[in-house]
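Structural overview
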Amino acid sequence: MTRVFSGIQPSGELHIGNYLGAVQNWVRLQTQHDCLFSIVDLHAITQPYDAATLASLTLDMAVSLYAVGLDPEKCIVFVQSHVVEHAELNWLFNAHGVAPLGELERQTQFKDKSQRQESVSAGLLNYPVLQAADVLLYKASLVPVGEDQVQHLELMREIARRWNARYGVGYFPEPQPLLTKTRRVLGLDGKAKMSKSLGNTIGLFESPEVIWEKLRPAATDPARKTRKDPGTPEICNIFTIHQGFSPPDTITEVAHKCRTAGWGCLDCKRVLADNMIATLAPMRERANTLKREPATVLEKLRSGAGKARALARQTMAEVWDRMGFLKAGED
């Protein structure tokens, strides 16, 4: 099967934004492709972070991924730093000119983030090179990406082309975007991307009471100032979330009731809350079980890292050889 690689930062428990935008799709992909999914803790430290919580946040993310349905029997789930070959290939790409400085400085994400920080790390500049190493290390040919990662994927292909031209035509595949439909979910404020740092999220494993408490005041179509005002569901973030949790017939009804003012926004949110609660209940139960068994979660991660490492070592042995390095003696 075609190999797929994707990663997610260790931000703790999933929220509905990164679930609908990425991980829900991963659960489907694991039955269709040869998939590796990584908790990318090396990427996380390119921004200021708390060393005291990194490990626990990584474990919480692993719990989330298993709870929503990633199955170690169907895909490889592992922590990025547990496979040192990611850092090795990243350095070789950085050191040998296949990722020129000028192209890295032109990356939109780097320019945006560097303008908001007084001190910019080399790691932030080289973030897309490590992304390229993540994918090419496993010779993955498909990458599910969000809107903000398309430019990085183009750079990834360019790095593969340049390395191949020097050391072996066709060795690394040129990864292509996996054109599956993902939803870009705004935060509950309706203004920015859903993010824990902005406090505009609903956690995937929160209680029914908290879900309703957060959903009730969430932003909707600004044209619906009163109960009688008709709306436009396509521009309403609540309608977007409905598409992730409600059945097709309900989605059709929601759209009609919005356009005709047949429902008020609170009615629409109540239906959404009920569907969210029903969908998330079994995931919350699985997460609670896994939280009580951290040793089981760690063993799953160790096993996943072992499988990933076997693939990575084979690639790196060939890379070192093609680049002319002296082979180490056998242990």
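The rules behind each value
- Residues numbered from 1 in each chain as written.
- Predicted model: local features only at pLDDT ≥ 70, side-chain atom pairs only at ≥ 80, totals over all residues.
- Heavy atoms only, no water.
- Helix = DSSP H or I, 4+ residues; strand = E, 2+ residues; numbered from the N terminus.
- Rg over C-alpha atoms; globule rule 2.2 N^0.38 Å.
- Buried < 20%, exposed > 50% of the residue type's maximum accessible area, 1.4 Å probe, protein only.
- Contact = heavy atoms within 4.5 Å.
- Core = buried A, V, L, I, M, F, W, Y, C linked by side-chain atoms within 4.5 Å.
- Pairing = 2+ DSSP bridges.
- Right-handed = clockwise from strand over helix to strand, strands pointing away.
- Arc of directions from axis to C-beta.

Regarding its fold elements, the protein presents 14 helices and 5 strands. Its C-alpha atoms give the protein a radius of gyration of 22 Å, near enough to 20 Å, the size a compact globule of 331 residues would have. Considered along the principal axes of its C-alpha atoms, the protein spans approximately 75 × 45 × 40 Å. Out of the 331 residues belonging to the protein, those deemed buried represent 47%. Counting contacts in the protein only where the partners sit at least 6 residues apart, residues at least 24 apart contribute 78% of the total.

So, on to the nonpolar core. With 55 residues, the main nonpolar core has L65, L204, F245 and M276 as its most contacted residues. Tallying contributions element by element places helix 13 (residues 265-291) first for this core, with 9 residues. In this structure M276 touches I16, I202, I211, L215, I241 and F245, once residues within four positions along its chain are discounted. In terms of nonpolar packing, the next biggest core, distinct from the first, is built from 34 residues, V83, L89, I159 and Y171 among them.

Sheet topology note: the strand 1 (residues 3-8)/strand 2 (residues 34-39) ladder contains 6 bridges and is parallel. What sits directly across from G7, in strand 2, is S38. Handedness of the crossover joining strand 1 and strand 2 through helix 1 (residues 16-29): right-handed.

Turning to helix 4 (residues 85-95), its buried residues number three or more, namely E85, H86, L89, N90, L92 and F93. Looking straight down helix 4, one finds that the buried residues subtend no more than 165° of arc, so they occupy a single side. Those residues of helix 4 hidden inside the fold are in contact with strand 1, strand 3 (76-79), helix 8 (127-136), helix 9 (150-167) and helix 14 (294-322). Phi turns positive one or two residues past the end of helix 4, at G97, with a value near 80°.

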